[in-house]
Amino acid sequence: MLVDVARQLFAKKGIANTTMNDIASASEKGRRTIYTYFKSKRDIYNAVVKNESELIVERLSNIPAQSLSPEEKLMNFIFVRFDAIKELVTRNGSLRAGFFRDVRKVERARRGTLNQECSILMEILSEGVDKGVFSIKHIDKTAKVMLLCLQGMDVPYVRDSFAEMDIEKNKLREYIQDFVLYGITAKNASQPAGKPKSDDSNSIWQQNSIGIFYTKKEIFEKMKLLEGKVALVTG
């Protein structure tokens, strides 16, 4: 009740223009009562973000049980998450301004639910490995890296600014699917002729959906390149 009242005030007046007295008055509680639960307005703001973020987790939690292939579940996870975050930001006036002004602060407030998102993603990846669809050595680390990469795309997705990078919005799912799945889809690919054998993990070869081979090091470099392009848009 108190947190939802605060959310409505933040959305209407802005975080900076909302006082603890405003929240106490609107929630019909005394300031002393509010300070029993929250030490500051920042704590209340974090609680608002946490509550809103739990709505994202609720939507994502249904995906592993869907009657779909692991690949389809993975892509649903990515885009249900994007759409849920966009709805969260656009629905809450001042949260939208705060989201663009300090994404890291919002992510810190969402830390608990981010762990839940990661667990759901791990469940999808584990199913893919069990069914021989994905080839992943470290599922937990892969899920964390993927989630970090997705976070880097949150702002351009909410802003709908992919056109600035010459990326067509209606083809974004196709582009991300090609980018994500070629590195983890099991293709029973052998090492290409002319490439030296090595026990170095960076030299383990993966085959993408169009038959081109990349080392894990090269895949990582491509991921960093994409993150750099996203940073140019969000910076």
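No experiment lies behind these values; they were computed from the predicted model shown.

Chemist: Is there a simple way to explain the nonpolar core in this structure?
Modeler: The nonpolar side chains of a soluble globular protein tend to be buried with one another. Counting 37 residues, the largest nonpolar core has Leu 74, Phe 77, Ile 78, Leu 125 and Ile 176 as its most contacted members. Only α4 (41–60), α5 (70–91), α8 (111–130), α9 (139–159) and α10 (172–181) provide two or more residues apiece to this core. Residues Leu 2, Phe 10, Ile 34 and Ala 47 belong to the second largest nonpolar core, which totals 17 residues.

Chemist: I would appreciate a short explanation of the confidence of the model for the protein chain in the present structure.
Modeler: Atomic detail in the predicted coordinates should be set aside for any region of low pLDDT. Model confidence for the protein chain is summarised by a mean pLDDT of 76, while 69% of its residues fall at 70 or above. Across the protein chain, the element-wise mean pLDDT spans from 43 in strand β1 (residues 205–207) up to 90 in α8. This stretch, residues 189–215, has a pLDDT under 50; its non-local contacts, to residues over four places away or in other chains, come to 45 contacts.

Chemist: Help me understand the packing of aromatic side chains in this model?
Modeler: By convention here, two paired aromatic rings are described through the distance between centres and the angle between planes. On inspection of all chains with the given rule, the structure shows four aromatic pairs. Between Phe 79 and Phe 82 the ring centres are 5.7 Å apart and the planes differ by 85°, which places this aromatic pair in the edge-to-face class. With Phe 79 and Phe 82 both in helix α5 and three residues apart, the pair spans about one turn of that helix. Of the residues examined, Phe 79 reaches a relative accessible area of 10% and is grouped as buried. The buried category is assigned to Phe 82, whose relative accessible area is 1%. Feature note: the residues Phe 79, Phe 82 and Tyr 157 constitute an aromatic cluster, connected by ring pairs. It is Lys 86 that lies over the ring of Tyr 157; its NZ or CZ is 5.8 Å from the centre. Over the aromatic face of Tyr 157 sits the side chain of Lys 169, whose NZ or CZ is 4.8 Å from the ring centroid.

Chemist: Can you walk me through the packing of α5 against α10 in this structure?
Modeler: Geometry of a packed helix pair, given as the angle between the helix axes and the separation of the axes. Where α5 contacts α10, the two axes come as close as 11 Å, and the packing angle between them is 125°. One finds that α5 runs oblique with respect to α10. Judged by the sense of rotation from one axis to the other, the crossing of α5 with α10 is right-handed. Between α5, through Glu 71, Glu 72, Leu 74, Met 75, Asn 76, Ile 78, Phe 79 and Phe 82, and α10, the contact on the second element is made entirely by Leu 172, Arg 173, Ile 176, Gln 177, Val 180 and Leu 181. Partitioning the contact of α5 with α10 into residue classes produces nine nonpolar, two polar and three charged.

Parameters and conventions
Residues numbered from 1 in each chain as written. Predicted model: local features only at pLDDT ≥ 70, side-chain atom pairs only at ≥ 80, totals over all residues. Heavy atoms only, no water. Core = buried A, V, L, I, M, F, W, Y, C linked by side-chain atoms within 4.5 Å. Buried < 20%, exposed > 50% of the residue type's maximum accessible area, 1.4 Å probe, protein only. Helix = DSSP H or I, 4+ residues; strand = E, 2+ residues; numbered from the N terminus. pLDDT = per-residue confidence, 0-100. Contact = heavy atoms within 4.5 Å. Phe/Tyr/Trp six-rings, centres within 6.5 Å; stacked < 30°, edge-to-face > 60°. Lys NZ or Arg CZ within 6 Å of the ring centre and 35° of its normal. Axes fitted to C-alpha atoms, helices over the stretch in contact; angles between N-to-C directions. Parallel < 35°, antiparallel > 145°, perpendicular 65-115°, else oblique. Left-handed = near helix turned anticlockwise from the far one by under 90°. Nonpolar A, V, L, I, M, F, W, Y, C, P; charged D, E, K, R; others polar.

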